[in-house]
Amino acid sequence: MKTNDYLLLLDADDTLWESALFFERTEHDFLNLMTALGLAAEKVRRIVHRKDVERLSVTGYGARPYMDTLRLIMLDLVPETPSWAMTAMDDIQKNLLYHPVILFPGVIGTLADMKKLPVKTIVYTMGEKDHQTDKFERSGLSSYVDELRIVPVKNVNALRDVLVYADVEPRNCIIVGNSPRSDINPALSVGAIAVHVARDRTWAAEREDFIDPGSVVTIESFNELSGILERFLKNKNTFN
Ligand SMILES: [Mg+2]
């Protein structure tokens, strides 16, 4: 493993590759199924959104906990669920768990560029270990980064643990992600550098106001990262 003064933590879902897109497809398929069972889609959608937020504090993030939530909603609304609906749910689950890993444009080139920099790079993601590991392996990114680290939930404590593990000062840690709640605000809380990748698609539960908007560097595309990182290292911890 490289020893470096700087640590780059890269979020994976909706930062390196598409994720919310597939959760949206799952929700869409589920609502269609519930419509086929005689329920009003809008009513079910509201229940899904409420239960999704409720379950996050209990089950943590992940595709399977999300599917479990949908199954519970179905069984609650349609106690005598026909077997074809159970089969349809199995198909919806397969689509979510084994969706193709679609990297965003420029991710490979940018990571290849950044390999030249004296920075240790960890893909830092939350969710279920096996599902996230499987996506990472299928992404083909393992030779471009130093490590993969998966936690049940990305919060301030989880981030502090990574900093201790990597033995890096917060001011020398750059956190890149699309989620205000899981990436940017924990970064700001510990005094790390926060780079927000602005995405149209960000899961509703991940949206939150920045605790210190003036300190956030926002990029529209992953391509911009290698340039700003070079500038940051050259100018000794500022982006000017
Ligand atoms: Mg993300």
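Residue numbers here run from 1 along each chain, matching the order of that chain's written sequence. For this predicted model, a pLDDT threshold of at least 70 governs which residues receive local features, and a threshold of 80 or more governs which side-chain atom pairs are given and counted, while totals over whole chains, interfaces and linings are taken from all residues. Working from all heavy atoms in the structure, the side-chain values ignore hydrogens and water.

(A) Quick peek at the sheet that holds strand β6 (residues 216-219). Any two strands with at least two DSSP-identified bridges between them are counted as paired. Segments assigned H or I by DSSP are reported as helices when at least four residues long, segments assigned E as strands when at least two residues long, and all are numbered from the N terminus. Taken together, six strands build an open sheet; the order of strands is β3-β2-β1-β4-β5-β6 and the sheet is parallel. Every interior strand has two partners, whereas the edge strands, β3 (147-151) and β6, have only one. Sheet twist, expressed as the mean angle between neighbouring strand axes with direction ignored, is 25°. Pairing geometry for strand β2 (residues 119-126) and β3, over five bridges, is parallel. Only C-alpha atoms enter the line fits that serve as axes; for helices the fit covers just the stretch in contact. Angles between N-to-C directions range over 0 to 180 degrees.

(B) Representation of the coordination of the magnesium ion within the structure. All of the protein donors around the magnesium ion are Asp11 (OD), Asp13 (O) and Asn178 (OD1); their distances to the metal are 2.1 to 2.2 Å. Donor atoms are limited to N, O and S found within 2.8 Å of the metal ion, a distance that becomes 3.2 Å for Na, K and Ca. With water left out, some sites might look partial. All donors to the magnesium ion come from one chain, and their sequence spacing reads D-x1-D-x164-N. Linking Asp11 in the loop between β1 (6-10) and α1 (20-36) with Asn178 in the loop between β4 (173-177) and α8 (180-190), this pair joins segments that are 167 residues apart in sequence. For the pair formed by Asp11 and Asn178, the shared burial category is buried. In this scheme, a residue with accessible area under 20% of its type's maximum is buried, one over 50% is exposed, and one in between is partly exposed, where area comes from a 1.4 Å probe on protein chains only.

(C) Here's a closer look at the pattern of salt bridges. By definition here, a salt bridge exists when the distance from a side-chain nitrogen of Lys or Arg to a carboxyl oxygen of Asp or Glu is within 4 Å. Under the counting rule described, the total for this entry stands at 13 salt bridges. Taking the shortest distance from any N to any O, the salt bridge between Arg45 and Glu27 comes out at 3.1 Å. Note that Arg45 is positioned in helix α2 (residues 41-59) and Glu27 in helix α1, a separation of 18 residues in sequence. Between Asp130 and Arg64 there is a salt bridge whose closest N-O contact spans 3.4 Å. With Asp130 in helix α6 (residues 129-139) and Arg64 in helix α3 (residues 63-77), this pair connects stretches of sequence that are 66 residues apart. Residue Asp130 is classed as partly exposed on the basis of its relative accessible area of 45%. When salt bridges that share partners are traced, they join Asp11, Lys154 and Asp183 into one network.

(D) Up close: the pairing of β4. Most of β4 sits out of view: five of its five residues are buried. Burial of β4 is two-sided: the residues Cys173, Ile175 and Gly177 facing one way and the residues Ile174 and Val176 facing the other way are all buried. The pairing of β1 with β4 spans four bridges and is parallel. Residue Leu10 lies in a different strand from β4, and its bridge partner there is Val176. Where β4 lies against strand β5 (residues 193-197), four bridges are found, and the strand directions are parallel. Paired with Gly177 across the strands is His196, a residue of β5.

(E) Fine view of helix α5 (residues 107-114). Among the residues making up α5, those that are buried are Val107, Thr110, Leu111 and Met114. For α5, the angular spread of the buried residues around the axis is 95°, confining them to a single face. Two residues form a contact once any of their heavy atoms are found within 4.5 Å. Elements in contact with the buried residues of α5: β1 and α9 (224-234). Working definition: the arc comes from the directions between the helix axis and the C-beta atoms, pointing outward to the latter.

(F) Quick peek at the packing of aromatic side chains. Between rings of Phe, Tyr and Trp, where Trp is taken as its six-membered ring, a pair exists when centres lie within 6.5 Å; planes separated by under 30 degrees are stacked, by over 60 edge-to-face, and by other angles tilted. Counted according to the given criterion, the structure contains two aromatic pairs. Ring geometry for Tyr6 versus Phe232: centroids 6.1 Å apart, planes at 75°, classification edge-to-face. One end of the pair, Tyr6, is in strand β1; the other, Phe232, is in helix α9, with 226 residues separating them in the sequence. Its relative accessible area of 14% is what places Tyr6 among the buried residues. Placement of a charge over a ring requires the Lys NZ or Arg CZ to be within 6 Å of the ring centre, with the centre-to-atom vector within 35 degrees of the ring normal. If you follow Arg199 out to its NZ or CZ, it ends over the ring of Phe104, 3.6 Å from the centre.

(G) Quick peek at the nonpolar core. Think of a nonpolar core as a cluster: buried Ala, Val, Leu, Ile, Met, Phe, Trp, Tyr and Cys residues, connected wherever their side-chain atoms sit within 4.5 Å. Judged by nonpolar contacts, the single largest core of 48 residues is most densely connected at Leu7, Leu9, Phe30, Met34, Met74, Met89 and Cys173. Boundaries of every domain are those given by an automatic assignment or by a domain database. Looking at which domains feed residues into this core, each of domain 1 (6-18 + 102-234) and domain 2 (20-97) supplies at least three. Aside from chain neighbours lying at most four places away, what touches Phe30 is Val44, Val48, Leu70, Ile73, Met74, Met89 and Ile92.

(H) Representation of unusual backbone geometry in the model. In this structure, Asp14 is a non-glycine residue whose phi angle is positive, near 65°. As for its position among the elements, Asp14 is in the loop between β1 and α1. A residue is classified by how much of its surface remains accessible, and Asp14, at 7% relative accessible area, is buried. The residue Asp167 is not glycine, and still its phi comes out positive at about 55°. Mapped onto the elements of the fold, Asp167 is located in the loop between α7 (156-166) and β4. Its relative accessible area of 68% is what places Asp167 among the exposed residues.

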